[in-house]
Amino acid sequence: MKIKDVLGAVRGRLDSAGIEEAWLEAELLLRHALCLGSVGLFLEHDEELGPSQVKLISLLVDRRVSGEPVAYITGKREFYGREFHVNPHVLIPRPETEHLVEKALEIVSLIKYPVVADIGTGSGAIAVSLAAEVPDARVFAVDISDPAIDTARLNARRQGVESSITFLYGDLAEPLPGPVDVLIANLPYVNSADCVASPEPQLALDGGIGGLDAIERLCNSLEGKLRLGGWVLLEIGQGQAETVQRLLREALPDARVGTIKDLAGIDRVVWGQTG
Ligand code: GLN
């Protein structure tokens with residue numbers, strides 16, 4: 001079978017399984033199976049595949065159709081222009097989380113030798129992106145999952161920023177050795193009931209009944225963790241902005257507080273700057 005015919009067949013299978021981005025995902029699975037880049041796949045459209053290659057692709061498609069995310073199958077996902085290794089111990093980085101990185105970059109561009117903390121770093125997508133974009137930054141990456149820290153460290157090494165990042169094991173901001181300029185967190189914020197069937201780690205998604213347990217605990221533990229004029233940037237879910245702004249105002253009574261929308265127009269980040 002030619003690559004283009006296999007691609008068509010895979011798209012068809014993914015499509016009939018109700019997978020939204022069937023075209024993109026079919027390409028990602030074929031590129032992974034055949035070790036090709038996107039241009040390579042296109043250039044080799046008329047190449048014949050052997051039966052073992054077709055079989056391998058079909059096994060990957062079986063995994064996808066049975067609910068495994070394509071990023072776990074291929075072991076990678078792009079975030080803020082870089083490729084990150086991902087596995088089922090970590091949340092798959094989402095495009096909307098890039099808003100956190102953008103806001104953090106805007107803030108640290110005004111600070112010399114900024115100190116940044118990424119709380120609940122997971123794959124390290126935020127910490128590694130910031131360390132790579134801001135060479136004079138010192139970054140703390142905290143997680144309560146050992147395999148997540150291993151994954152983040154691997155990503156830091158691959159991007160050549162391991163020496164800028166200190167990895168800390170522990171609960172939320174507790175392990176930070178001192179106050180930081182910017183504290184960023186994409187904590188779990190999904191309602192317990194809505195994430196039981198997810199293939200991604202519950203530890204990264206489950207925010208309890210109401211979804212805000214982890215965010216609330218973080219807000220209540222900010223004392224001594226921020227420098228004067230320091231910032232907190234929190235990713236949130238749909239409909240949570242008002243409550244999280246209130247939590248931040250209660251935790252930091254002198255802070256300015258605001259929100260940032262994602263590309264879908266949903267409030268996605270709540271920020272606070274201490275006075
Ligand atoms: N954005 C993810 C989702 O909606 C949730 C990520 C999180 O809980 N931090 O599935």
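As shown above, the structure is provided for reference.
The text that follows walks through the structure, step by step, so that each part is easy to find. These figures come from a predicted structure and were not determined experimentally. (Residues numbered from 1 in each chain as written. Predicted model: local features only at pLDDT ≥ 70, side-chain atom pairs only at ≥ 80, totals over all residues. Heavy atoms only, no water.)

1. A few points about the packing of helix α1 (residues 3-16) against helix α4 (residues 51-65)
Relative orientation and spacing of two packed helices are given, respectively, by the angle between their axes and the distance between those axes.
Part 1: Across the interface, α1 lies against α4 with an axial gap of 10 Å and an inter-helix angle of 20 degrees. As summarised for this structure, α1 and α4 are arranged roughly parallel, according to the angle between their axes. Crossing of α1 over α4 shows right-handed handedness. Judged by residue contacts, Val6, Val10, Arg13 and Leu14 of α1 engage Val54, Ile57, Ser58, Val61, Asp62, Arg64 and Val65 from α4. (Axes fitted to C-alpha atoms, helices over the stretch in contact; angles between N-to-C directions. Helix = DSSP H or I, 4+ residues; strand = E, 2+ residues; numbered from the N terminus. Parallel < 35°, antiparallel > 145°, perpendicular 65-115°, else oblique. Left-handed = near helix turned anticlockwise from the far one by under 90°. Contact = heavy atoms within 4.5 Å.)

2. Considering the pattern of salt bridges
Part 1: Scanning the entire structure with this criterion turns up 14 salt bridges.
Part 2: Glu106 is paired through a salt bridge with Lys103; the nearest N and O atoms lie 3.4 Å apart. Taken together, the residues Glu106 and Lys103, both in helix α6 (residues 98-108) and three residues apart, mark about one turn of the helix.
Part 3: What makes Lys103 buried here is its relative accessible area of 12%. (Salt bridge = Lys/Arg side-chain N within 4 Å of Asp/Glu carboxyl O. Buried < 20%, exposed > 50% of the residue type's maximum accessible area, 1.4 Å probe, protein only.)

3. Topic: the site of the ligand
Part 1: Neighbouring residues of the ligand: Leu91, Arg94, Glu96, Asn186, Leu187, Pro188, Tyr189, Val190, Ala204 and Leu205.
Part 2: Between the ligand and the protein, one listed contact pairs a nitrogen atom with a backbone N or O atom of Leu187 at 2.7 Å.
Part 3: Note that a nitrogen atom of the ligand is positioned 3.0 Å from one of the side-chain N or O atoms of Tyr189.
Part 4: Notes on the ligand: free accessible area 300 Å², of which the protein chains cover 81%.
Part 5: Tallied by class, residues from the shell around the ligand come to seven nonpolar, one polar and two charged. (Near = heavy atom within 4 Å. Polar contact = N/O pair within 3.5 Å; in protein donor to acceptor, adjacent residues only side chain to side chain. Areas by Shrake-Rupley, 256 points an atom, 1.4 Å probe, with all protein chains shown as cover. Nonpolar A, V, L, I, M, F, W, Y, C, P; charged D, E, K, R; others polar.)

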